[in-house]
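What follows is each chain in one-letter form.
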Amino acid sequence: MGERNPYLVERLQGFGTTIFAEMSELASRTGAINLGQGFPDADGPDAVLEAAVAAMRAGHNQYPPGLGVPALRRAVADHQRRFYGLEVDPDTEVLVTAGASEAIAAAMLALVEPGDEVVVFEPYFDHYATSIALAGGRRRVVRLQEPDLRFDVADLEAAVGPNTRLILLNSPHNPAGKVFDANELAAVAAVAVEHDLLVVTDEVYEHLVFDDVRHIPMATLPGMAERTLTISSAGKSFGFTGWKVGWAMGSTDLVSAVVVAKQSLTYVSSGPFQHALVVALGLDDGYFAELAADLQAKRDLFCGGLTAAGFEVRPPSGTYYATADIRPLGFDDGIEFCLSLPERCGVVGVPSTVFYDDEAAGRHLVRFAFCKHPDVLSEAADRLATLAP
Ligand code: PMP
């Protein structure tokens, strides 16, 4: 949360520069290993890179169509059918966006009236709070409770009132690393149906799930396809976070509503990359299995290292984030801890308190991104081990 800014509109007061920018800046200034912001330290598949170069060479360098390149919309629809058995019409039910970030902001601007309430699960990705505020909406949080990060359905019921417009869901969940199971999704769906709410579901980590956990898209639940806007992104599934290509899928009416807001944000973006992602979405099942297996090995390596260094860690079921409790090492303030960490031992993490409305709730937690080369993770763990009292 930032200082008051005399120029900033009231509804955005309190939001400063995101913590990720701040921590990445700290990492580059100090030369520390940056496990703050979630981006891989290796590029995605060569075939996809080559397709991007070829798309530029082939002259796909002007504005793409408003909804996105048709071949990409078809590839997104094929992906939904292939992995989840969902039927999505590529002509009217898919919108390509400047990353999932734009899809989320455009969805809030298009679907939320000033004063409407949006229910989110806490901790939450901080972009949700600003996007809701941009629209003049108000967030109501439902806590994912320690230690197993489940939520109480009574809390969800209590968060819903006459002004609730939608539930903003995120599974697999950043920062918690939680993947909502069938029962939890059914409980969310039941509340949405009972109160006639939309669900905007951020599934950018859909392919990053571990062990025998399965990602279940909200839109596959009975009666939910027509009230759900599903958002995903090429950044996480293919390791090209800088390309900023995402997509939103839902009924024709929902998608057309989001288009109205989206076209006043970027209008369109990432022309040649959209062509390249047709190749990415068409990669064989082996690619997606390997992506998850590779990250799972990194999770095990890094969480093992954190545990050996004295942190208490809950290994995530999905995403590429591990949350560590710093109290066993004698610390209790994550912000202070993260600000001094580069100097103490040359590592950057993110204080989890930024993901909570109730700052006390995440005060003792720090989030580390483990989407890095194994040598980098081992080195980071070794450095963190020097903190032990
Ligand atoms: N949603 C979640 C939960 C994320 O963690 C992120 C990236 N950190 C995004 C959306 C943003 O995705 P993109 O880079 O495609 O805008």
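Structure first, text after, so check above.
Residues numbered from 1 in each chain as written. Predicted model: local features only at pLDDT ≥ 70, side-chain atom pairs only at ≥ 80, totals over all residues. Heavy atoms only, no water.

Asker: Before we move on, can you summarise the sheet that holds strand 10 (residues 321–325) with the specific residues and values?
Answerer: A sheet is described by the order of its strands in space; here four strands give the open sequence 9-10-13-12, paired in antiparallel fashion. Edge positions in the sheet fall to strand 9 (312–314) and strand 12 (350–351), since each of these pairs with one other strand and no more. (Pairing = 2+ DSSP bridges. Helix = DSSP H or I, 4+ residues; strand = E, 2+ residues; numbered from the N terminus.)

Asker: An account of the nonpolar core is needed here, citing residue identities and associated values.
Answerer: M108, F238, F311, F368 and L384 are the most contacted members of the largest nonpolar core, which has 103 residues in total. Both domain 1 (10–43 + 286–385) and domain 2 (46–284) contribute no fewer than three residues apiece to this core. Ignoring anything within four residues of it in the chain, the contact list for F368 reads L35, F302, L306, Y320, Y321, A322, A324, L341, V347, V348, G349 and L384. Counting residues in hydrophobic clusters, the runner-up holds 25 residues, among them V160, L197, V199 and I216. (Core = buried A, V, L, I, M, F, W, Y, C linked by side-chain atoms within 4.5 Å. Buried < 20%, exposed > 50% of the residue type's maximum accessible area, 1.4 Å probe, protein only. Domains from an automatic or database assignment. Contact = heavy atoms within 4.5 Å.)

Asker: Before we move on, can you summarise the sheet that holds strand 4 (residues 138–143) with the specific residues and values?
Answerer: Sheet strands pair via backbone hydrogen bonds, and the direction of the pair is either parallel or antiparallel. Strand order across the open sheet formed by seven strands is 2-8-7-6-5-3-4, with mixed pairing between neighbours. The two strands at the open ends of the sheet, each matched to only one other strand, are strand 2 (94–97) and strand 4. Ignoring which end each strand starts from, the neighbouring axes of this sheet average 20° apart. With four bridges joining them, strand 3 (residues 117–122) and strand 5 (residues 164–170) adopt parallel strand pairing. Along strand 5, the bridge assignment pairs E117 with T164. Packed on one face of the sheet, helix 3 (residues 70–84) meets strand 2 and strand 8 (246–249) and runs near 115° to strand 2. Along the sheet, helix 5 (residues 126–134) contacts strand 3, strand 4, strand 5 and strand 6 (198–202); its crossing angle with strand 5, the most-contacted strand, is approximately 160°. (Axes fitted to C-alpha atoms, helices over the stretch in contact; angles between N-to-C directions.)

Asker: So what's going on with empty space enclosed by the protein? Residues and values would help.
Answerer: As enumerated under the stated definition, the model contains two cavities of 30 Å³ or more in all. Roughly 60 Å³ of internal volume is contained in the largest cavity. Around the largest cavity, the lining residues are P123, E146, L149, P175, A176, R314, T323, S352, F355, Y356 and L365. Both domains that furnish three or more residues to the lining of the largest cavity are identified here as domain 1 (10–43 + 286–385) and domain 2 (46–284). The calculated volume of the second largest cavity comes to roughly 30 Å³. Its residues placed into classes, the lining of the second largest cavity shows four nonpolar, four polar and one charged. (1 Å grid on protein atoms, 1.4 Å probe; cavity = no way out; pocket = protein on both sides within 12 Å on 5 of 7 lines; lining within 4 Å. Points joined across faces, edges and corners; volume = space filled by probe spheres on them. Nonpolar A, V, L, I, M, F, W, Y, C, P; charged D, E, K, R; others polar.)

Asker: Lay out unusual backbone geometry in plain terms, naming residues and giving numbers.
Answerer: The omega torsion across S171 and P172 is -10°, close enough to zero to call that bond cis. Topologically, P172 is positioned in the loop between strand 5 and helix 7 (182–194). For the peptide bond that leads from N174 to P175, omega is 10°, which places it in the cis range. A positive phi angle is found at Y267, which is not glycine, with a value near 65°. On the secondary structure map, Y267 appears in the loop between helix 9 (252–262) and helix 10 (271–281). Given the relative accessible area of 40%, Y267 is considered partly exposed.

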